[in-house]
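Architecture at a glance
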Amino acid sequence: MAQLVERLQLAGKRLAVERNGDIVPRSTYAQTWLADGDQLEIVQAIGGG
């Protein structure tokens, strides 16, 4: 997961990542492996007002 976030140039940004319906805590990105068929949703928080 950590490599994907880096590859998408999202490292260091405020994100929520869901894998197969479960939220993936940022602290576990490095230990979270992706497999064929995994469904991901990545949401980036954008501030404004």
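Right, let's walk through the structure included here. (Residues numbered from 1 in each chain as written. Predicted model: local features only at pLDDT ≥ 70, side-chain atom pairs only at ≥ 80, totals over all residues. Heavy atoms only, no water.)

1. A closer look at the overall build of the chain
- A count of helical and extended segments in the chain gives one helix and three strands.
- Overall, the chain shows an N-to-C arrangement of helices and strands of α-β-β-β.
- Structurally, the chain occupies a C-alpha span of about 40 × 20 × 20 Å along its principal axes.
- Residues classed as buried in the chain amount to 16% of the 49 residues present.
- Long-range contacts, defined as pairs at least 24 residues apart, comprise 49% of the intrachain contacts of the chain with a sequence gap of at least 6.
- Of the roughly 4000 Å² of accessible surface on the chain, 48% is carried by carbon and sulfur atoms.
- Of the charged side chains in the chain, 5 are positive and 6 negative, and the gap between their average positions amounts to 11 Å. (Helix = DSSP H or I, 4+ residues; strand = E, 2+ residues; numbered from the N terminus. Buried < 20%, exposed > 50% of the residue type's maximum accessible area, 1.4 Å probe, protein only. Contact = heavy atoms within 4.5 Å. Areas by Shrake-Rupley, 256 points an atom, 1.4 Å probe, with all protein chains shown as cover. Lys, Arg positive; Asp, Glu negative; His and termini not counted. Charge placed at Lys NZ, Arg CZ, Asp CG, Glu CD.)

2. Re unusual backbone geometry
- A positive phi angle is found at Gln9, which is not glycine, with a value near 60°.
- Its place among the elements puts Gln9 in the loop between α1 (2-7) and β1 (15-19).
- Residue Asn20 is not a glycine yet carries a positive backbone phi of 50°.
- Secondary-structure assignment places Asn20 in the loop between β1 and β2 (22-23).
- On the accessibility criterion, Asn20 (42% relative accessible area) is partly exposed.

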